[in-house]
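# Per-entry structural report
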Amino acid sequence: MSAAPTEPATTGFTDKLLNGVERAGNKLPEPFMLFLILFAVTGIVSTGMAWAGVVVSVPGSDEPTAIKGLFTGEGLTWLTTTLGENYIGFPPLVTVLPILLAIGIAQHSGLLGAAIRKLFGTSPAWMLPYVVGFVGVVSSIMSDSAFVVVPPLAALVFKAAGRHPVAGLLGGFAAAGAGYSTNIFPTSLDALFAGITTSVMGALPGFETTPVNPVSNWFFNITASIILGFVAGFIIDRVLEPRLNRQGIGRDEVREDGESDSGESAEQMRAALSPQENKGLLIAVLSAAVLTAAFLLAFLMPESPWRNEEGGFLPKSPLLSSIVFIVVAYFMVVGIAYGVVTGTLRSSRDAVRMMSEALKEMLPFVVLAFILGNFIALFNWSGIGTWIAVTGAAALEGVGLTGFPAVLGFILLASCLNLFIISGSGMWAIMGAVFVPMFALIGYEPAFTQAAFRVGDSATQIITPMNPYMIVLLGMLRKYEPGAGLGTLMARMLPFVVPFWIVWTVILAVFFVVDLPLGPGNGIFLEK
């Protein structure tokens, strides 16, 4: 190619709509500035309501709660004396950072990448779409790395198997993005969501709900991951790849000099793992089995200190309060075992380096958490969150919208906001502060509201130009299709969005109707 490809003209309705989304999204400030503005607005509104003498009565509470203003003597004193506590005590930091350190060892030792290559490389050609779909969905365990690791690997193994590499490329990205909020394993995202959910329940002091922890949505996540992985595979196999073939999209990379890719890299990727890597995976699995046996022995013995006072584990117990430790232990043990066997982890310095790399990837959130923690703390301290929850719950009950239709409206709102606010933690901090206490007042556990948010948080992020990884994917796509533009990419992502949204919502509806537990000790409805 002698010149950079130009994007095709965008005159269709879909292109105009997506361009409108991009323009509107670009007008939003960066997440830190967005929450700084929200903090200031909450401070001004709370002060006005405090001067007006607004009070709110929480159902079941004996005393009404008066709204307190930030820009008063009491409010300014609160801010200056609790600024650091609001930040350091922000619950997501307590859970996310330890888990992230452990996942960092599992990832940077090469364990997660080897496991993905093992799944890809040993799958028959007919099964590859479904393997890519499942691996894509659960690849969120690697956080945002999934968007740049899974698609090119999927393209290579598709090509080596005689299938269309672009189908693997786009399918891997779609599965990773549209199913980002779910996984069969507890991840740092689960810890992040649980921490925010716990913090926003401060808007209803004294209100009894089941505690939320990183596995509060685990049963729901396992079900969704398996089903959505199959749905992604089906779309790749029956919709995406046939359409690419009908359009005559080339299967070879177009080199700068116009020559086609030789395909050697695809064959190398299709090759089996090295003996040392296979041995490392085997030792990692065995180490996980040994750790599981140790945990079962410790937790299940009759006088286990991890049991509650009644001798069980639900709904509260030291075991459920030890979830972060358990997740950290698993990732640490299997990551270290793999790294020692393969030689990627030779000393404690290597382990420290891997954990440091993981923290570097999380630094933007650590910075964002400063204003997030203080925003949510102000929301709770001022009583604004309580007032919105009580008023909103009363409005929903007044129009009779307290069943699943209310949850469906919540999911739709999250899906629309997801087109503009890509940060899942940022959007959950905003929506959770309002809807978690509001839905609690009409009878729903915080863990259920969090599960409903997961549905709306993921599906639409693969069609919004606000997703920075769309640009990365476009660069990968142009290796095969030089004339492709964002409109091309989004049009090919659309067949994943609607099925994922519908199927995921149906899964949630089944849990709702049958009243299935979402995770260990976490149900859907609050006990009356």
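Analysis parameters
- Residues numbered from 1 in each chain as written.
- Predicted model: local features only at pLDDT ≥ 70, side-chain atom pairs only at ≥ 80, totals over all residues.
- Heavy atoms only, no water.
- Helix = DSSP H or I, 4+ residues; strand = E, 2+ residues; numbered from the N terminus.
- Buried < 20%, exposed > 50% of the residue type's maximum accessible area, 1.4 Å probe, protein only.
- Areas by Shrake-Rupley, 256 points an atom, 1.4 Å probe, with all protein chains shown as cover.
- Phe/Tyr/Trp six-rings, centres within 6.5 Å; stacked < 30°, edge-to-face > 60°.
- Core = buried A, V, L, I, M, F, W, Y, C linked by side-chain atoms within 4.5 Å.
- Contact = heavy atoms within 4.5 Å.
- 1 Å grid on protein atoms, 1.4 Å probe; cavity = no way out; pocket = protein on both sides within 12 Å on 5 of 7 lines; lining within 4 Å.
- Points joined across faces, edges and corners; volume = space filled by probe spheres on them.
- Nonpolar A, V, L, I, M, F, W, Y, C, P; charged D, E, K, R; others polar.
- Axes fitted to C-alpha atoms, helices over the stretch in contact; angles between N-to-C directions.
- Parallel < 35°, antiparallel > 145°, perpendicular 65-115°, else oblique.
- pLDDT = per-residue confidence, 0-100.
- Salt bridge = Lys/Arg side-chain N within 4 Å of Asp/Glu carboxyl O.
- Expected span 1.5 Å × (residues − 1).
- Patch = residues over 30% accessible without salt bridge, like charges linked within 9 Å, V, L, I, M, F, W, Y side chains within 5 Å.

If you tally the helices and strands in the protein, you get 20 helices and two strands. In the protein, buried positions account for 53% of the 528 residues. Summed over its atoms, the accessible surface of the protein is roughly 22,300 Å², and 67% of this surface lies on carbon and sulfur atoms.

With that settled, the discussion passes to the packing of aromatic side chains. On inspection of all chains with the given rule, the structure shows 25 aromatic pairs. Aromatic pair Tyr444 and Phe525: ring centres 5.9 Å apart, planes at 45 degrees, arrangement tilted. Of this pair, Tyr444 sits in the loop between helix 17 (424–441) and helix 18 (446–458) while Phe525 sits in the segment after helix 20 (486–514), and the two are 81 residues apart along the sequence. By relative accessible area, which is 34% here, Phe525 ends up partly exposed. Through successive ring pairs, a cluster of aromatic residues spans Phe404, Phe410, Phe435, Phe439, Tyr444, Phe448, Phe512 and Phe525.

A few words on the nonpolar core. Counting 157 residues, the largest nonpolar core has Phe120, Phe220, Val407, Phe439, Ile462 and Leu508 as its most contacted members. Those residues within four positions of Val407 in sequence are excluded, and the remaining contacts are Phe439, Tyr444, Phe448, Ala452 and Leu508. In this structure, Ile105, Leu345, Ala351 and Met354 belong to the second largest nonpolar core, which totals five residues.

Next up on the list: empty space enclosed by the protein. Going through the model one piece at a time under the given rule, you end up with one cavity of 30 Å³ or more. In this structure, the largest cavity spans a volume of roughly 60 Å³. Forming the boundary of the largest cavity are Leu100, Ile103, Gly104, Gln107, Ile141, Met142, Ser143, Ser188, Ala358 and Glu361. Of all the secondary structure elements, the ones that give two or more residues to the lining of the largest cavity are helix 4 (91–108) and helix 14 (348–382). Considering each element in turn, the lining of the largest cavity owes the most residues, four residues, to helix 4. For the lining of the largest cavity, the class distribution of residues is five nonpolar, four polar and one charged.

With that settled, the discussion passes to the side chain of Thr505. Note on placement: Thr505 falls in helix 20. In this view, Thr505 contacts Phe404, Leu408, Ile411 and Val455; residues no more than four positions away in its chain are not counted.

Further remarks concern the environment of Ala289. As for its placement among the helices and strands, Ala289 is situated in helix 12 (residues 275–300). Sequence separation of Ala289 and Val334 is 45 residues, and the distance between their C-alpha atoms is 9.8 Å.

Let's shift gears to the packing of helix 18 against helix 20. At a minimum axis distance of 9 Å, the contact between helix 18 and helix 20 shows a crossing angle of 170 degrees. The angle between helix 18 and helix 20 falls in the class roughly antiparallel. Counting all contacts with helix 18, which are made through Phe448, Ala451, Ala452, Arg454, Val455 and Ser458, the residues of helix 20 involved are Trp501, Trp504, Thr505, Leu508 and Phe512. Tallied by class, residues from the contact of helix 18 with helix 20 come to eight nonpolar, two polar and one charged.

At Asp515, a position not held by glycine, the phi torsion is positive, near 60 degrees. Within the secondary structure, Asp515 sits in the segment after helix 20. Judged by relative accessible area, Asp515 falls into the partly exposed class, the value being 42%.

Quick look at the environment of Gly456 now. With respect to the helices and strands, Gly456 occurs in helix 18. By relative accessible area, Gly456 is classed as buried at 0%. Dropping the residues within four chain positions of it, Gly456 is found in contact with Ile411, Ala414, Ser415 and Asn418.

A few words on the confidence of the model for the protein. For the protein, per-residue confidence averages 85 on the pLDDT scale, and residues scoring 70 or more make up 90% of the total. Contacts of residues 1–10 to residues separated by more than four positions or lying in other chains number 20 contacts, the stretch itself having pLDDT below 50. Note that residues 258–271 has pLDDT below 50 and, in this model, 28 contacts with residues that lie over four places away or in other chains.

Attention now goes to the pattern of salt bridges. Per the stated rule, a full pass over the model turns up nine salt bridges. Glu241 is paired through a salt bridge with Arg163; the nearest N and O atoms lie 2.5 Å apart. Note that Glu241 is positioned in helix 10 (residues 218–247) and Arg163 in the loop between helix 7 (146–160) and helix 8 (165–178), a separation of 78 residues in sequence. With a relative accessible area of 6%, Glu241 lands in the buried category.

Once that is clear, we can look at helix 15 (residues 384–398). Its 15 residues place the ends of helix 15 21 Å apart at the C-alpha level, agreeing with the 21 Å of an ideal helix rising 1.5 Å per residue. Within helix 15, burial applies to Ile384, Gly385, Thr386, Ala389, Val390, Gly392, Ala393 and Leu396. Contacts made by the buried residues of helix 15 are with helix 2 (31–51), strand 1 (55–56), helix 14 and helix 17. With its phi angle positive at about 75 degrees, Gly400 sits one or two positions after the end of helix 15.

Bringing the environment of Ala194 into the picture now. Assignment of secondary structure puts Ala194 in helix 9 (residues 188–200). Taking relative accessible area as the criterion, Ala194 reaches 4% and is therefore assigned buried. Sequence-wise, Ala194 and Pro91 are 103 residues apart; in three dimensions their C-alpha atoms are separated by 8.2 Å. Excluding residues within four positions of it along the chain, Ala194 makes contact with Val212, Asn213, Pro214 and Gln450.

What follows concerns a nonpolar patch on the surface. A cluster of nonpolar side chains, namely Phe32, Met33, Leu36, Ile37, Val41, Val45, Leu83, Val367 and Phe370, defines an oily patch on the protein surface of about 690 Å² accessible area. Of all the secondary structure elements, the ones that give two or more residues to the nonpolar patch are helix 2 and helix 14.

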